[in-house]
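Examination of the molecular architecture
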Amino acid sequence: MEASQSHSSERMSTDLSELLKEATKEVHERAENTPFMRNFQKGQVSLQEFKLVTASLYFIYSALEEEIERNKNNPVYAPVYFPAELHRKAALEEDLKYFYGRNWREEIPCPEATRKYVERLHYVGKNEPELLVAHAYTRYLGDLSGGQVLKKIAQKALQLPSTGEGLAFFTFDGVSNATKFKQLYRSRMNALEMDLATKKRVMEEAKKAFLLNIQVFEALEELVSKGQENGHPVQPKAELLRTRNINKSHEHGPAAGKESERTKMRNTDTTPTTSLVRWIVALSFLAMTVAVGLFAM
C-alpha cells in the first residue's frame, strides 16, 4: 500500500501540469499582489486602453497560432492541438474590426515589448517546438478560465452591447464545459512524451511566458501614460473617431446604426488613463492567475 502511494506521488510530481503549476507559483503570486490587481475591483475602464490591449493580444496570438499550425503534427505539440476550441486570432480580428473599423490593420500599434514576445514565439516554434506548450498553457488556459467572468466585467464597465460585439475574444463557442475541457487539456499535457530535462526547460519557458505577458502590459501602461497610440496622442483619438463617423454618416445616411453605437462607446473615454490601464492589466493578470489557481483543483 505504502509502495503504491509512493509510486503515485512520484508519478504526480512529474506530471507536466503539476510541474508548471509549481514553476509559475512565484510569478503567479507577483501578479496577484500588483497594484493592478488591487485596482481591479474599482470597475473603471477606458475603451482606449482596452483597444490597446486587444491589439497587442492580436499580434501575440497571431504568432502563437502560426507556430502551433507549423507544429500541429509534431509529437511534442500534437496532443494539445485544439484549434476549434481555443484559437483566438479570428476572434481578435472580429473585435479589432469592431473597435477600429475596416482599416484596423493600419491603425493598431505594436509596442516593442509585444514585438519581443512575438519574436520569442516564432523562435520557439521554429527552433524549440517542445517549449511551445508552455506558451499555450500560459495563454489559453488563462483566457478560458477567466473568460466568462472577464467578459461580463468588461461588458458592464465599457457599456458594450449585450449582443457581444467587441467581446469575441472572451467567447469560446467550441468549449461547452470549461471544467471538463481543462481536465482533458491537462491530461493531454501530461501525456506528452518528454524526459525530465525537457520538462524542466518547459517550466522555465512557462515562467518566461508569464514575464513576457507582464512586460507587454507594463509597456502598454507606459504607452498610455505618455499619451501615445501608434505614434499619435491616445486621448484626442476619440475626437478623431467622432469626426470620422460624422463624415461616414453623411456619406452613407442613417443605415450606419451600428457604427453610430460604436462611435458613442468610443467617446465615453473620460476617466484618468493611468488607473484605467491598470484596471485593464488587472483583467489580463486575473486571467493568468485564475488559470494557475485552477490547476490546484
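For the structure, check the block above.
Keep in mind that what you see is a predicted model, and the values were worked out from it rather than measured.

To continue, consider the packing of aromatic side chains. The tally for this structure, following the rule as stated, stands at eleven aromatic pairs. Put simply, the rings of Phe50, Tyr61, Tyr98, Phe99, Tyr140, Phe169 and Phe170 touch in pairs and so form one group of aromatic residues. Lying across the ring of tyrosine 100, lysine 51 places its NZ or CZ 4.6 Å from the centre. Sitting over the face of the ring of phenylalanine 172, arginine 88 holds its NZ or CZ atom 3.8 Å from the ring centroid.

Moving on: the pattern of salt bridges. Should their charged atoms come close, side chains of opposite charge can pair. A full pass over the atoms with the stated rule returns ten salt bridges. Note that glutamate 66 is salt-bridged to arginine 70, the shortest N-O span being 3.8 Å. Remark: arginine 70 and glutamate 66 occur in helix α5 (residues 47–70); sequence separation between them is four residues, near one turn of the helix. Given a relative accessible area of 40%, glutamate 66 falls into the partly exposed group. Relative accessible area serves as the criterion here: at 43%, arginine 70 is assigned to the partly exposed category. With a shortest N-O distance of 2.9 Å, glutamate 204 and lysine 207 are connected by a salt bridge. Of this pair, glutamate 204 and lysine 207 both sit in helix α12 (residues 196–225), separated by three residues, roughly a single helical turn. By relative accessible area, which is 45% here, glutamate 204 ends up partly exposed.

Looking at the element boundaries, glutamate 130 is found in the loop between α9 (112–127) and α10 (132–158). A relative accessible area of 16% means that glutamate 130 is categorised as buried. Here arginine 201 takes part through its side chain, which lies 2.7 Å from a polar atom of the side chain of glutamate 130. Residue contacts for glutamate 130: discarding those within four places in its chain leaves Val76, Met194, Thr198, Arg201 and Val202.

Calculation criteria
Residues numbered from 1 in each chain as written. Predicted model: local features only at pLDDT ≥ 70, side-chain atom pairs only at ≥ 80, totals over all residues. Heavy atoms only, no water. Phe/Tyr/Trp six-rings, centres within 6.5 Å; stacked < 30°, edge-to-face > 60°. Lys NZ or Arg CZ within 6 Å of the ring centre and 35° of its normal. Salt bridge = Lys/Arg side-chain N within 4 Å of Asp/Glu carboxyl O. Helix = DSSP H or I, 4+ residues; strand = E, 2+ residues; numbered from the N terminus. Buried < 20%, exposed > 50% of the residue type's maximum accessible area, 1.4 Å probe, protein only. Polar contact = N/O pair within 3.5 Å; in protein donor to acceptor, adjacent residues only side chain to side chain. Contact = heavy atoms within 4.5 Å.

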